[in-house]
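Structural features, examined
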Amino acid sequence: MNLSRLRRVALALAFVSVLVAAAATASVRSSKAVTLTFWQTMNTEETATLKALVDKFEASHSGIKVNMVYVPFDQRDAKFTAAAQAGQAPDVMRAEIADVASWAAQGFLADLTKKVSGADKADYLPSAFAYDNFNGKIWGIPQVTDAPALLYNKKMFKAAGLKNPPTTMAQLASACAKFGKGKGLFIRGDSYFIQPWIWAYGGDLLNYAKKQILIANKGSVAGLTAYVKLFHSKCAFPDKDFSNDYGNMQTAFKNGQVAMIVNGPWSTADVLSGPAFKSSSNLGVAPVPKGPAGQGSPVGGHSWVIGRNSSNVDEAYTFIQWLSQAAQQAQFAAKNNLLPTRKSAYKDPDVRRNRIIVDFLTQMKVARARPVTPQGGQIYADFGPNMQKALNGSSSPQAALDATAKAWQSKLFPGFKIVH
Amino acid sequence: MRRRLRRGYAQWWFAYAMLVPVAIVMGLLVFYPLVRGILFSFTDANQYSIGNKFQPSSYNYIGLRNFRDILRSDEFRRVAGFTAVWTIVNVFFHFTIGLVLALALNRTLRFRGTYRMLLMVPWAVPSFISAFAWRFIFNNPYGFLDQLLQSIGWHDPPAFLGDPVWAKVSVIMTNVWLGVPFMMVALLGGLQAIDQDLLDAAEADGANAWQRFWNVTLPGLRPVAATVVLLGLIWTFNMFNVIYLITGGGPADATQIFATFAYQDAFVFKLYGQASAYGVIILSMLLVFGGFYRWAIARMGEETWA
Amino acid sequence: MTVADPRAVPTARAQPRKRRRRGRSRPMSFLLHLSLLGAVVIAIFPVFWIAINSFKNYNDIVNHTTLSILPQDWTLSNYRHVLGAENHVFLTWLWNSVAIALMTTAVGVFLAATAGYALSRYRFPGYRAALNSFLVTQMFPAAILLVPIYNIVVHLGLLNTKTALVLAYSTVAVPFCVWMLKGYFDTIPISLEEAGRIDGLSPFGTFWRIVVPLSLPGLAVTCFYTFITAWNEVAFANIILIQNNSYTLPVGLRTYVFQFQQDWQYLTAGAVLVTIPAVIVFLLAQRYLVSGLTRGGVKG
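Residues numbered from 1 in each chain as written. Chains lettered and ligands numbered in written order. Predicted model: local features only at pLDDT ≥ 70, side-chain atom pairs only at ≥ 80, totals over all residues. Heavy atoms only, no water.

What follows concerns the state of the cysteines. With the rule as written, the count across this model stands at 1 disulfide over all chains. Covalently, Cys176(A) is tied to Cys235(A) through a disulfide, its sulfur atoms 1.9 Å apart. As the torsion about the S-S bond is roughly 115°, the Cys176(A)-Cys235(A) disulfide counts as right-handed. Of this pair, Cys176(A) sits in helix 8 (residues 169-177) while Cys235(A) sits in the loop between helix 10 (218-232) and helix 11 (245-254), placing them 59 residues apart in sequence. The pair formed by Cys176(A) and Cys235(A) is uniform in burial state, with each residue classed as buried. No disulfide involves Cys223(C); its nearest neighbouring cysteine sulfur is the one of Cys177(C), lying 8.7 Å away. (Disulfide = S-S within 2.5 Å. Helix = DSSP H or I, 4+ residues; strand = E, 2+ residues; numbered from the N terminus. Buried < 20%, exposed > 50% of the residue type's maximum accessible area, 1.4 Å probe, protein only.)

The following block contains the structure:
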C-alpha cells in the first residue's frame, strides 16, 4: 500500500468515524424524547379544547411528544381491546367510567396505585374517583363527571306561559301538554336515558352488594309505563328512528322545534351552536323531575387510563396528571361546560360563575352512581332493545323488563336473583 | 403400481403446483380459523376468560350446551324467521326485476348501452356508501322520503327505520336495489347465449311471445339462472353490511339475520363461545342447503358442477 | 354449443345472427323507454342525493321540515374540510385503500387464475374435493371468521398492516373467482394448448402465452370483483386497522357518522370522493362484465 492510498484510507476512516459519532450523539439525544400515543373519544367541540391543551403540554414539557388520535366513542371498546390483546394499546386512553373495571379485569390497564399522590386522592370527587378503583387497586384518574339533566328552551317556556321548569313528573306531563303537537318533549328510545324514570317511580337496576337484579320490580315497571305513556302523548316529538334519535333530538332542540330534552353537559356546546340558542341565556338546565317514589339521574363520566404494555408509563402518567389538574379542568369547564372532577377546580372563579355548570351541579346532587363492575357497561346492550319493544308496543312494559332481567342473569350476572 | 404412481405424480405435479398458493392462503385464513371456531363453539369463552397476553385463558369446555341453548331460544326462531324471509324475498325480487330489465335490454334500443351502464350503478357504488345514503333517505323527519311524503299530504309518514315491520321493508328495499344489477347482467348474458335459431323456429311454428318466452327462453336460461340464484341466496343469507349499517339489527332486533346476530354476540356481548356456535349452525345450514340445491339441479338434468 | 372463434370478445352488440327487428309499435317503444327511465331514476337517485347534499351546508342538510332538493347556497366547504382535516388524513386513507385494493387484485387474480386453470385442465385426484371446497368457502359468513382471523393476524404480528387485509380479502374473493375462471377456461379449446406444447412451450408457457390472452373478459371480471370487494370492505378493516393513519376509506368515513355525531355534510362529501375511483374501475371493466360473467363462468 503506497502512501497516497494510505492517506485515502485514513481520510475515509476519519469521515466514517465522524458520521458514526454524529449518529451516536443524535440517537442519544433523540432517545430522550418520548412520543405518547393518545386515543381520545371527545366530540368535536371538546376536541378543539383538548388540542389546545395538548399543544400547551408539549410546549412546557420538552422531551414528551403527544400523538393524539380520534376514536369514535361507540367504537372505543372494540378498538381498545383489539389493540390491547395484540400488545398495541395506546399509552393513554380516555375510558368511559364503565370501561375502567372491564378493561382492568381483562388485564389491559397499567396499575397506577403507587403513582397517584395522596393530595390528588383527597382532591378528586369521591363519586367520580370511585369508578377508578377496582379490586383494591387504582387503574385511572377521573377526567370528567356528568349526569343528564332536563334542558329547556326558556323563550318557548315564556311563550307558553310557564315561568319555571317542571320539578315533578306530574308537572312535566302538564307542562308538555301546554306546547303544541310534537313540540313539548323529546323522548328517546335509549336505555341510558330512561334511568331517571326508573328511579323516579321506585325502581332500580341492580343491587350489586346483595346480588339482586331489580330491573323487573314494581317500581321499574311503573317507571317504564310512565315513559311509554309520555312517548305516545301528543306533545312528544315524534321519534321514529331510534338508531338516529340522538342526532334528531339535538337538531330539533337546536332549531327550537321542541321545548325540552334530556341530555348531559357534553351536549351543551353543540346546543349553543344552534339558531335557537344564539344567546346562551336561553338555555335552561334543571334537574330531571322527581317522581312519586324518588329521583335520580345516572352518573357518567370518563377517566384517563394507561395501557398495560406501554413502555412510557412514567411520561404517560405525567401527561394525564397534568391534564387533570385544576387549571386544565377549568379550561374544559369554561369552553365546553364540562364538570371538573376535583374539589379545588370548583374554587376557580370562572367555574363558579359558569351558570350552566352551577345548574348541572344541582342535578349531580341527586344523581345516582352505577355499580363498579366489569359488566357495568354491557347492561344497556340488552336493556335497550327490550325497552324499544315496549315503546313501539310489541311488548308490555312488564314483559320487556322481565326479558331484560333474564338476559342480565344469563349473560352478565349468573347467580344474581331477580326480584319482582 | 409404482410406475403408475410415478406417472400419476409426473402428470399432476403441475396441477398441484398451481394449487399450492391458493391452498396455503385458504388453509391459513379459512380452514384454520374454522377449526378453531368449531373448537370454541364447545366452550363458554367470553372476553374475560378467553385469555390474552396478560392473563391466561380460563374458559371451560361445556360440550353441546351452547347449541342446546341457542336452538331452544326464542331469539333463534325469530332470527331464523327473518333470515329466511330476508333471503327469499330479496332473491325473488333480484331475479324477477333483473330478468325484466335484462329482457328489456336484450333488444335493439336507442341508448341501450347508456341504460345498461346507468342501471349497473348500484353495483359500482361501494355498499357501505349506499347503506349510508339509504339510511339518510329513510330518516324521520329530516330524510328525503319523509319530507316527500309530507309534501304530498301524508302528514304522518311511517317510521321507516323505527317501526319493526317498516324496518324490515326498508332493509329489503335497499338490498334489492343493491343486488339487481348483478342478476341483470348475468341474465342478460344468458339471454344473449340463447340460440336465436330456436326462437326463429318457434315463431315459425306459430308460438306467440309468451309461449316463446316460456318454452324457449326460460329453459335456455336455466343453467345461468340456477347458478346466479344459488349465488344470490348464499350472498344474501350472509349479507352483513346493509343491515348492520342501516338499522344495526334493530329496532329491538327486528331486522337481525344470522350474520348480524352472531356478529353482535361476538363483538358486543363478547360471548365468543356462543358466537362460534352460531357460526357452526349457520355453516351447517348452508352446507345442507347447498347440497340439496345441487341435487335438485342435477335431477333437473342440467350440467353437473364438474 | 359451439364457440366459433375464441378470440371474439362478445359484447352486447356482437351477435352472429341478424337480430330480428320486429317493427315495434310507437306506444310500445315509448312504454319501454319510460319504464327503463323509471328504473334508471331509482338506480341513480341515492347516488345523486348524496352528491347533491355534499354541496350543502350542514344546516341546509338537516334543518328542513319541507322538501328541498337543491342547495340554498352551493358550497365546497365540505370537500375542503374532508380533504384537509387532520393534516389531509383523507388522502392517507385514500392511498391505503388504493394500495390494498390493487395488491388484493394482483394477489387474488394470481391465485384464482392458477387454481382455476389447474381445475379446468387437469382431472387429478382430489379434484372434486378442491372444487367443492371453493364452493363451500363462499358460504362462510365473514362475520363469523372475524374473531379467529383477528387472532391469527395478531399471532403473525400483522395487526394494523396492509398485508393482513390483502390476505383476508383474497380469501374472500378467490373462491368465486376460481369458480368463474375455471368455467371460462373450460370454453377455450385444448387444441390451442396442444399446438403450443408441440411448439415446445412448457405447461406454464401455454398457460401464460395462450390461455391468458384469450381469457381477458374473464380476467377483467375477476379484477373488477376483487378490486370492488377490497375497496368496499368494512368489517375486517374495522377490526384490523387501529391507527388513524392506517384506516381505509370506509373505516375513516365511519368516524363522521355514528351514534353521537352525525356529520352528514362530511360523510356525503367523503362518499362522493370514495365512489369516484370505484366507478372508474367499473367503467373500465363494464364492457367485459356481461360476457365475462356468463360465457364461461356462471354456467359452471
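Having seen it, we continue.
All names here are of chain B. For the pair helix 2 (residues 65-72) and helix 13 (residues 272-299), the least separation of the axes is 9 Å and the interaxial angle reads 70°. Here helix 13 runs roughly perpendicular to helix 2, going by the angle between their axes. Within the contact between the two elements, helix 2 uses Asn 66, Phe 67, Ile 70 and Leu 71 and helix 13 uses Gly 273, Gln 274, Ala 277, Tyr 278, Val 280 and Ile 281. Per-class residue counts for the contact of helix 2 with helix 13 are 7 nonpolar, 3 polar and no charged. (Axes fitted to C-alpha atoms, helices over the stretch in contact; angles between N-to-C directions. Parallel < 35°, antiparallel > 145°, perpendicular 65-115°, else oblique. Contact = heavy atoms within 4.5 Å. Nonpolar A, V, L, I, M, F, W, Y, C, P; charged D, E, K, R; others polar.)

Residue and element names in this part refer to chain B. According to the domain assignment, chain B contains domain 1 (1-40) and domain 2 (79-300). At the junction of the two partners, domain 1 supplies 4 residues and domain 2 supplies 4 residues. Carbon and sulfur atoms make up 77% of the surface buried where domain 1 meets domain 2, a total of about 290 Å² over both sides. Linking domain 1 with domain 2 are 0 salt bridges, by the criterion used here. On the surface where domain 1 and domain 2 come into contact, there are 0 residue pairs in polar contact (both at pLDDT 80 or more). When grouped by side-chain class, the residues that make up the side of domain 1 that touches domain 2 number 3 nonpolar, 1 polar and no charged. (Domains from an automatic or database assignment. Buried area = accessible area lost by both parts, 1.4 Å probe. Salt bridge = Lys/Arg side-chain N within 4 Å of Asp/Glu carboxyl O. Polar contact = N/O pair within 3.5 Å; in protein donor to acceptor, adjacent residues only side chain to side chain.)

Attention now goes to the environment of Phe129(A). Residues and elements named next belong to chain A. As for its position among the elements, Phe 129 is in helix 6 (residues 126-129). Relative accessible area serves as the criterion here: at 9%, Phe 129 is assigned to the buried category. Apart from residues no more than four positions distant in its own chain, Phe 129 is found in contact with Lys 121, Tyr 124, Ile 138, Gly 140 and Pro 142.

Before going further, it helps to examine the interface of chain B and chain C. Contacts between the two partners involve 99 residues from chain B and, on the opposite side, 108 residues from chain C. Between chain B and chain C the total buried area reaches about 9800 Å² when both faces are included, carbon and sulfur atoms providing 74% of it. Linking chain B with chain C are 0 salt bridges. Our count for the chain B to chain C interface comes out at 3 residue pairs in polar contact (both at pLDDT 80 or more). The dominant element in the side of chain B that touches chain C, judged by the number of residues it contributes, is helix 1 (residues 2-40) of chain B, at 19 residues. Taken together, the residues of the side of chain B that touches chain C sort by class into 71 nonpolar, 16 polar and 12 charged.

What follows is about the environment of Val89(B). Inspection of the secondary structure puts Val89(B) in helix 3 (residues 74-105). Taking the C-alpha atoms as reference points, Val89(B) and Met173(B), separated by 84 residues in sequence, lie 9.9 Å from one another.

Attention now goes to the interface of chain B and chain A. Opposite the 28 residues of chain B that make contact, chain A presents 33 residues. Interface of chain B and chain A: buried area, both sides summed, is about 2600 Å²; carbon and sulfur atoms make up 49% of it. Our count for the contact surface shared by chain B and chain A stands at 2 salt bridges. Put simply, Asp156(B) and Lys240(A) hold a salt bridge, and the shortest N to O gap is 2.9 Å. Our count for the contact surface shared by chain B and chain A stands at 13 residue pairs in polar contact (both at pLDDT 80 or more). The class makeup of the residues in the side of chain B that touches chain A is 16 nonpolar, 6 polar and 6 charged.

Our focus in this paragraph is the sheet that holds strand 2 (residues 64-70) of chain A. All names here are of chain A. Strand order in this open sheet of 5 strands is 2-1-3-12-6, and the pairing throughout is mixed. Two strands lie at the open edges of the sheet, namely strand 2 and strand 6 (140-146), each paired on one side alone. Strand-to-strand twist across the sheet, computed as the mean angle between neighbouring axes with direction ignored, equals 20°. Two elements, strand 1 (residues 34-40) and strand 3 (residues 92-96), share 2 bridges in a ladder whose sense is parallel. (Pairing = 2+ DSSP bridges.)

Here we take up the packing of aromatic side chains. All told, the structure shown has 56 aromatic pairs over all chains when counted by the stated rule. Taken together, the ring pairs in this structure connect Trp123(B), Phe182(B), Trp235(B), Phe176(C), Phe224(C) and Tyr225(C) into an aromatic cluster. Sitting above the plane of the Phe193(A) ring, Arg188(A) keeps its charged end 4.9 Å from the centroid. (Phe/Tyr/Trp six-rings, centres within 6.5 Å; stacked < 30°, edge-to-face > 60°. Lys NZ or Arg CZ within 6 Å of the ring centre and 35° of its normal.)

A few words on empty space enclosed by the protein. Tallied over the full model, the rule gives 12 cavities of 30 Å³ or more. Counted as a void, the largest cavity has a volume near 1200 Å³. In this structure, the largest cavity is lined by 44 residues; those nearest its centre are Trp235(B), Met239(B), Val172(C), Tyr225(C) and Thr229(C). Contributing elements (two or more residues each) for the lining of the largest cavity: helix 1, helix 5 (121-124), helix 8 (164-192) and helix 10 (209-237) of chain B together with helix 5 (142-155), helix 6 (162-186), helix 9 (216-232) and helix 10 (235-240) of chain C. Counting residues per element, the lining of the largest cavity draws most heavily on helix 9 of chain C, at 6 residues. (1 Å grid on protein atoms, 1.4 Å probe; cavity = no way out; pocket = protein on both sides within 12 Å on 5 of 7 lines; lining within 4 Å. Points joined across faces, edges and corners; volume = space filled by probe spheres on them.)

Moving on to the confidence of the model for chain B. Caution is warranted with low-pLDDT regions, since their predicted coordinates should not be read in detail. All names here are of chain B. On average, residues of chain B score 83 in pLDDT, and 94% of them reach the 70 mark or higher. The spread of mean pLDDT over the elements of chain B runs between helix 1, the lowest at 74, and helix 3, the highest at 93. Under a pLDDT of 50 for its full length, residues 3-7 has, in the predicted model, 0 contacts with residues more than four places off or in other chains. For the stretch residues 302-306, pLDDT sits under 50, and the model shows 14 contacts to residues farther than four places along the chain or on other chains. Interface confidence in the predicted complex, given as ipTM, is 0.79; pTM for the same model is 0.82. (pLDDT = per-residue confidence, 0-100.)

The peptide bond linking Asn140(B) to Pro141(B) adopts the cis configuration, its omega dihedral lying at 0°. Structurally, the position occupied by Pro141(B) is in the loop between helix 6 (127-137) and helix 7 (144-151). The phi dihedral of Lys211(A) is positive, around 55°, even though this residue is not glycine. Even without a glycine there, the phi angle at Asp253(B) is positive, about 65°. Relative to the helices and strands, Asp253(B) is located in the loop between helix 11 (241-246) and helix 12 (258-267). Asp253(B) gets classed as buried once you look at its relative accessible area, which sits at 16%.

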